[in-house]
Amino acid sequence: FLFHGVHHAFPMDEYRLVFPPLISLALWYFLVKPVLVLVTPPIWMNAVGSGVMIGYLCYDMIHFWTHHSDTNFYHMKSMKRYHMLHHYRNGDVGFGVSSKFWDYVFGT
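The shown structure was predicted, so the numbers you read here are calculated from the model rather than taken from an experiment.

## Looking at the overall build of the protein chain
From N to C terminus, the protein chain includes five helices and zero strands. Structurally, the protein chain occupies a C-alpha span of about 45 × 25 × 25 Å along its principal axes. Every one of the 108 residues in the protein chain was classed for burial, and the buried ones make up 25%. Sequence separation of at least 24 residues holds for 36% of the intrachain contacts in the protein chain that already meet a minimum separation of 6.

## What about helix α2 (residues 21-39)?
Over its 19 residues, α2 runs 25 Å from end to end, which matches the ideal 27 Å to within 8%, given 1.5 Å per residue. At W28, α2 is bent by approximately 40°, the largest bend along its length.

## A short note on helix α4 (residues 74-88)
For α4, spanning 15 residues, the distance from its first C-alpha to its last is 21 Å, which sits close to the expected 21 Å at 1.5 Å a residue. Among the residues of α4, those classed as buried are M76, S78, M79, K80, Y82, H83, M84, H86 and H87. Of the surrounding secondary structure, the elements contacted by the buried residues of α4 are α1 (5-9), α3 (45-68) and α5 (101-106).

What counts and how
Residues numbered from 1 in each chain as written. Predicted model: local features only at pLDDT ≥ 70, side-chain atom pairs only at ≥ 80, totals over all residues. Heavy atoms only, no water. Helix = DSSP H or I, 4+ residues; strand = E, 2+ residues; numbered from the N terminus. Buried < 20%, exposed > 50% of the residue type's maximum accessible area, 1.4 Å probe, protein only. Contact = heavy atoms within 4.5 Å. Expected span 1.5 Å × (residues − 1). Bend = angle between axes of the 7 residues up to and from the residue.

Dropping the structure here:
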């Protein structure tokens, strides 16, 4: 509930769309970074780590936009509709906010 349930309880609350900074920092140091150290050569660690952080930041910005903006761009309008079904119909499927690709890969 702490990670995703709060967002589902209040999907249109602009202050509950992203992880709190302290949780994000803890996840980085205790989960993401140890895994990256195992699979990334040390000389690439800063570049790969920066890419992971920038990717997550982009995801959070798109997710916020999906909830709080309107567009005439067909793809993003359809993704907004798709993501809102995740919130209001079935929270176990349709996690994508910019693409359905990973939902197909993971069967969600």
